[in-house]
Amino acid sequence: MLNKQGFDLWANDYDRTVQLSEENNEYPFAGYKEILKGIYNEAMQKERSAVLDIGFGTGVLTTRLYENGHQIDGIDFSEEMIAIAQEKMPKARLLQGDITNGLPEPIASSSYDTIISTYALHHLTDEEKTVFIETLLKQLKPDGKIYIGDIAFRTRANLAACRLDNLRHWDEDEFYFAYDEFEEAIAGLCHSEFHPVSHCGGVIVLSKKQG
């Protein structure tokens, strides 16, 4: 798994790397554009909303929301990626931080209509994901939603099959979503849905339980 320095070095070539994988319909980024498009369309249902992006990278998705009048806060691991995104979104509040340590202030004391995370949460272990989701739910407005676009599979068996097909370049230091297990782990915290987009990616939608 890349450390902070690795992500900094990758920053300028990140979008091209993703594009090649996506265009070839290959692990890990097959379905990438469709995943981002779907999350964008959902976030656009509210006008000038407060959006938090976890692991925004170079700002591919949030720049479009920013340009449409949404208030953008974000946290990312890489200072180089933050610099690239900040140039695109000069008025966005973009902070450097490690999500394994929770959320930094002032994000931790803010609330959001929409929380998005694309291709970031697979750096958390399954146990860390559950803890972090509980943290994010506290920042979510009552009718808000969390959209997670990531390397994700309906079942652990689907994940294992993809791994076998991609052993040569499979990243054993990343923790991809097996939705059946993830759904069970967070069942007491929130409502969840899974929308597969490709053989190795999809969108998980979370919302607060009402009443």
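Residues numbered from 1 in each chain as written. Predicted model: local features only at pLDDT ≥ 70, side-chain atom pairs only at ≥ 80, totals over all residues. Heavy atoms only, no water.

## Some thoughts on the packing of helix H3 (residues 32-43) against helix H4 (residues 60-67)
For any two helices packed against each other, the geometry comes down to the angle between their axes and how far apart the axes lie. Put simply, H3 and H4 touch, their axes get as near as 10 Å, and they point 30 degrees apart. As far as their axial angle goes, H4 and H3 are roughly parallel. With respect to the hand of their crossing, H3 and H4 are arranged in right-handed fashion. Contacts between H3 and H4 pair Tyr-32, Leu-36, Ile-39, Tyr-40 and Ala-43 from the former with Val-60, Leu-61, Arg-64 and Leu-65 from the latter. (Axes fitted to C-alpha atoms, helices over the stretch in contact; angles between N-to-C directions. Helix = DSSP H or I, 4+ residues; strand = E, 2+ residues; numbered from the N terminus. Parallel < 35°, antiparallel > 145°, perpendicular 65-115°, else oblique. Left-handed = near helix turned anticlockwise from the far one by under 90°. Contact = heavy atoms within 4.5 Å.)

## A few points about the packing of aromatic side chains
Using the criterion set out here, one finds eight aromatic pairs in the structure. Aromatic side chains Tyr-27 and Tyr-176 sit 6.0 Å apart centroid to centroid with 75 degrees between the ring planes, which places their arrangement in the edge-to-face category. Of this pair, Tyr-27 sits in the loop between helix H2 (14-23) and H3 while Tyr-176 sits in the loop between helix H7 (156-165) and strand S6 (177-178); the two residues are 149 residues apart in sequence, bridging distant segments of the chain. On the accessibility criterion, Tyr-27 (4% relative accessible area) is buried. A residue is classified by how much of its surface remains accessible, and Tyr-176, at 3% relative accessible area, is buried. Note that Arg-64 overlies the ring of Tyr-40, its terminal NZ or CZ placed 3.7 Å from the centroid. Above the face of the Phe-177 ring, Lys-129 is positioned so that its terminal group lies 5.0 Å from the ring centre. (Phe/Tyr/Trp six-rings, centres within 6.5 Å; stacked < 30°, edge-to-face > 60°. Buried < 20%, exposed > 50% of the residue type's maximum accessible area, 1.4 Å probe, protein only. Lys NZ or Arg CZ within 6 Å of the ring centre and 35° of its normal.)

## Notes on helix H6 (residues 126-139)
Under the 1.5 Å per step criterion, the end-to-end length of H6 is 21 Å for 14 residues, consistent within 8% with the ideal 20 Å. Listed in full, the buried residues belonging to H6 are Lys-129, Thr-130, Phe-132, Ile-133, Leu-136, Leu-137 and Gln-139. Packing partners of the buried residues in H6 comprise strand S1 (50-54), strand S4 (112-118), strand S5 (140-153), S6, helix H8 (179-186) and strand S8 (201-207). (Expected span 1.5 Å × (residues − 1).)

## Describing the pattern of salt bridges
Taken as a whole and judged by the stated rule, the model has seven salt bridges. The partner of Glu-181 in a salt bridge is Arg-156, with the nearest N and O atoms 2.7 Å apart. Taken together, the residues span a long stretch of sequence, with Glu-181 in helix H8 and Arg-156 in helix H7 at a distance of 25 residues. Overall, Glu-181 belongs to the partly exposed group, its relative accessible area being 35%. The salt bridge involving Arg-163 is made with Glu-172; its shortest N-O contact spans 2.9 Å. Its relative accessible area of 30% is what places Arg-163 among the partly exposed residues. (Salt bridge = Lys/Arg side-chain N within 4 Å of Asp/Glu carboxyl O.)

## Topic: unusual backbone geometry
Between Tyr-27 and the following residue, Pro-28, the backbone shows a cis peptide bond with an omega angle of 5 degrees. Inspection of the secondary structure assignment puts Pro-28 in the loop between H2 and H3. With an omega of 5 degrees, the peptide bond running from Glu-105 to Pro-106 counts as cis. Looking at the secondary structure, you find Pro-106 in the loop between strand S3 (93-96) and S4. Located in the positive-phi region is Arg-48, a residue other than glycine, with phi close to 50 degrees. Position of Arg-48 relative to the elements: it lies in the loop between H3 and S1. Given the relative accessible area of 67%, Arg-48 is considered exposed. Even without being a glycine, Tyr-119 presents a positive backbone phi close to 55 degrees. By the secondary structure assignment, Tyr-119 is in the loop between S4 and H6.

Without other data, these values stay purely geometric and don't point to any function.
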